[in-house]
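Here are the chains, one letter per residue:
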Amino acid sequence: MIKNIFTLAVATLMAMTVGAQTATKAKSILDKTAAIISNKSGASASFKISGSKTGTMSGRIFIKGNKFKATTPEASMWFNGTTQWTYMNNTEEVNISSPTEGQQMQMNPYKFITLYKTGYALSSKTLKGAYEVHLKAIDAKRPIKEMFITINSKTYLPSVVRMLQNGSWTTVNISNFKKENLSDATFTFDPKQYPDAEIIDLR
């Protein structure tokens, strides 16, 4: 009986140690990725989003801190850190909103560089030429319940982000990452460039 208890205690301790090690490694990987992506001057990348609820769309994203601008054949989006403008090409409408964390993540696959620091349990595994980092929400109220991020083991740039939100998985493929020199004005809608646009404030 004592032997069984001792064996169980050792096994539990080993499992906790391994879990702590993989969490530490996962955080270290994401820290390196965040340092590269969080270029103070800005950066850009190509993306392709696919999911049962979102459909499929491709485009280019520009980021700087927590700001982003995304362009697709159907629409353009600007987010200045507080307010988001979405311009629909076919209707010439501009919807103004204050997006939630989950809504930001839907259009900014790099949002994970701030999400992982709080509210998520981290783990990782090594793939061929890459790491796969798993984030699982500790707080049930977090809109993104789970996330898998595939990161190149040499460049530390992410190539795929899979996220679970509202019971549905969305996959974002990212490529052609490039550092840019972007002004803050890049992330704010300029009505002068869209004189015929109908502005709809949803805030």
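Worth saying up front: this structure is predicted, and the values here are computed from it rather than measured.

On to the sheet that holds strand E3 (residues 67-71). The strand order across the open sheet built from twelve strands is E7-E8-E9-E10-E11-E1-E2-E3-E4-E5-E6-E12, with neighbouring strands paired in mixed fashion. Each edge of the sheet is formed by a strand with only one pairing partner; in this case those strands are strand E7 (120-127) and strand E12 (198-201). Between one strand axis and the next, the sheet turns through 20° on average, direction left out of account. The pairing of E3 with strand E4 (residues 75-79) spans four bridges and is classified as antiparallel. Within the sheet, the bridge partner assigned to Thr71 lies in E4 and is Ser76.

The next point concerns unusual backbone geometry. Positive phi values are uncommon outside glycine, yet Asn166 reaches one of about 55°. Considering the arrangement of structural elements, one finds Asn166 in the loop between strand E10 (158-165) and strand E11 (168-179). We note that Asn176 has phi near 55°; this positive angle belongs to a residue other than glycine. With respect to the element layout, Asn176 can be found in strand E11. The class of Asn176 is exposed, set by a relative accessible area of 54%.

Any pair of aromatic rings gets described here by the distance separating the centres and the angle formed by the planes. Summed over the entire model, instances satisfying the criterion amount to eight aromatic pairs. Pairing Trp78 with Phe189 gives two aromatic rings, centres 5.2 Å apart and planes at 70°, and the pair type is edge-to-face. Here Trp78 is found in strand E4, whereas its partner Phe189 is found in the loop between E11 and E12, with 111 residues between them in sequence. Ring geometry for Tyr110 against Phe177: centres 6.2 Å apart, planes inclined by 80°, an arrangement best described as edge-to-face. Of this pair, Tyr110 sits in the loop between helix H2 (101-107) and helix H3 (112-115) while Phe177 sits in strand E11, placing them 67 residues apart in sequence. What makes Tyr110 buried here is its relative accessible area of 3%. Its guanidinium or amino end placed over the ring of Trp169, Arg162 lies 4.5 Å from that ring's centre, counting from NZ or CZ.

Definitions and cut-offs
Residues numbered from 1 in each chain as written. Predicted model: local features only at pLDDT ≥ 70, side-chain atom pairs only at ≥ 80, totals over all residues. Heavy atoms only, no water. Pairing = 2+ DSSP bridges. Helix = DSSP H or I, 4+ residues; strand = E, 2+ residues; numbered from the N terminus. Axes fitted to C-alpha atoms, helices over the stretch in contact; angles between N-to-C directions. Buried < 20%, exposed > 50% of the residue type's maximum accessible area, 1.4 Å probe, protein only. Phe/Tyr/Trp six-rings, centres within 6.5 Å; stacked < 30°, edge-to-face > 60°. Lys NZ or Arg CZ within 6 Å of the ring centre and 35° of its normal.

No statement about biological role is implied by the geometric values presented.
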